[in-house]
Amino acid sequence: MIKIPKSHPRYWSLYYREKIIEGMEKGMTAKAGLIAHGRGEAFDYIIGEKTVEPAERAMRAAVAKLLLAKYPVISVNGNVAALVPEETIELAKALGAKLEINLFYRTEERVKAIAEELRKYDPEVDLLGTNPTKRIPGLEHERGKVDERGIWKADVVVVPLEDGDRTEALVAMGKFVITIDLNPLSRSARMADITIVDNIVRAYPRMTELAREMKDYSREELLGIIKEYDNGKTLNDVLVHIKNRLTLLAGDGVWKRKELEV
Ligand code: ATP
Ligand code: MG
């Protein structure tokens, strides 16, 4: 990994860009994953590279749903393994969820590389998806493969940085789908039951924190959080945030103001 000077004003952005490149060099991340990352970066820049209130609200609802789930499963792809391998394991543990390696561009080599990476952080980690025997209806062969003990069986699934077509197919299967996607306009964002419009590098640690805090909540409290939640409103509020931020930035010289740097 090339050394980025910590003093660089875009240090973290460059750091995660290098992580994605490293992910590709390790055989985990697909070339198209680099493009997806770039699209995510662009939306993050516009959002302000921070967790906005609607994302926090979505995370609370997602964690409530996951804590109440009978069989929650978190999907791992090549970008996720490159950016947040350890945080993914932590989140699964905090929620008591299963992990499944599930790829849009599935190859056995890529699955193996991702499994190896995650095992560096926890040699005992239980990873599904290495031998998927089921298929999501409506998706052709490779793209539709899922693990019988994982996504196939799950009632609630977390599919971060996911393609819209696959998100839609999972919803059609009757799964409750939670996604993490910086693009509030993507098909995934629109199709999911809960959409967390935030960078996964911020969202996963925060969700782990929330899971630890909320696991002592009563069933009624958790149900209440889910009942109150409205995903359409969340997506709308993110768009309003973007609109207001851009209006402020476009104002007369206002873009130079310090408070816009968040
Ligand atoms: P869709 O298929 O849902 O319409 P898409 O085709 O534009 O979306 P995909 O490559 O299928 O994009 O999905 C990847 C999604 O992940 C993109 O919407 C991108 O903005 C988002 N993304 C990329 N990196 C991150 C990140 N670090 N955190 C959160 N979201 C991210
Ligand atoms: Mg797509």
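So, a few notes on the structure that sits alongside this text. (Residues numbered from 1 in each chain as written. Chains lettered and ligands numbered in written order. Predicted model: local features only at pLDDT ≥ 70, side-chain atom pairs only at ≥ 80, totals over all residues. Heavy atoms only, no water.)

What about the overall build of the protein chain?
Link 1 in the chain: Helix and strand content of the protein chain: twelve helices and eight strands.
Link 2 in the chain: Taken over C-alpha atoms, the radius of gyration comes to 18 Å for the protein chain, in line with the 18 Å a tight globule of 262 residues would show.
Link 3 in the chain: Counting all 262 residues of the protein chain, 52% fall into the buried class.
Link 4 in the chain: In the protein chain, of all internal contacts separated by at least 6 residues, the share reaching a separation of at least 24 is 64%.
Link 5 in the chain: Put simply, the protein chain has 42 plus and 42 minus side-chain charges, and the middle of one group is 1 Å from the middle of the other. (Helix = DSSP H or I, 4+ residues; strand = E, 2+ residues; numbered from the N terminus. Rg over C-alpha atoms; globule rule 2.2 N^0.38 Å. Buried < 20%, exposed > 50% of the residue type's maximum accessible area, 1.4 Å probe, protein only. Contact = heavy atoms within 4.5 Å. Lys, Arg positive; Asp, Glu negative; His and termini not counted. Charge placed at Lys NZ, Arg CZ, Asp CG, Glu CD.)

Considering the sheet that holds strand S3 (residues 127–128)
Link 1 in the chain: On the basis of which strands lie adjacent, the open sheet formed by six strands has the order S3-S2-S1-S6-S7-S8 and parallel pairing. Each edge of the open sheet carries a strand with a single partner, namely S3 and strand S8 (194–196).
Link 2 in the chain: Looking at chain direction, strand S7 (residues 176–180) and S8 are connected through three bridges and run parallel. When the sheet's bridge partners are listed, Thr179 is paired in S8 with Thr195.
Link 3 in the chain: On top of the sheet, helix H10 (residues 200–214) reaches strand S1 (72–76), strand S6 (156–158), S7 and S8; it is set at about 125° to S7, its chief contact. (Pairing = 2+ DSSP bridges. Axes fitted to C-alpha atoms, helices over the stretch in contact; angles between N-to-C directions.)

A word on the packing of helix H3 (residues 53–68) against helix H12 (residues 231–250)
Link 1 in the chain: Packing of H3 against H12 leaves a shortest axis separation of 8 Å and a crossing angle of 160°. Overall, the two elements H3 and H12 adopt an arrangement that is roughly antiparallel. The two elements H3 and H12 cross, and the hand of that crossing is left-handed. Contact residues: H3 offers Pro54, Arg57 and Ala58, while H12 offers Lys233, Thr234, Asp237 and Val238.
Link 2 in the chain: Counted by class, the contact of H3 with H12 contains three nonpolar, one polar and three charged residues. (Parallel < 35°, antiparallel > 145°, perpendicular 65-115°, else oblique. Left-handed = near helix turned anticlockwise from the far one by under 90°. Nonpolar A, V, L, I, M, F, W, Y, C, P; charged D, E, K, R; others polar.)

Function cannot be read off these values alone, since they describe shape.
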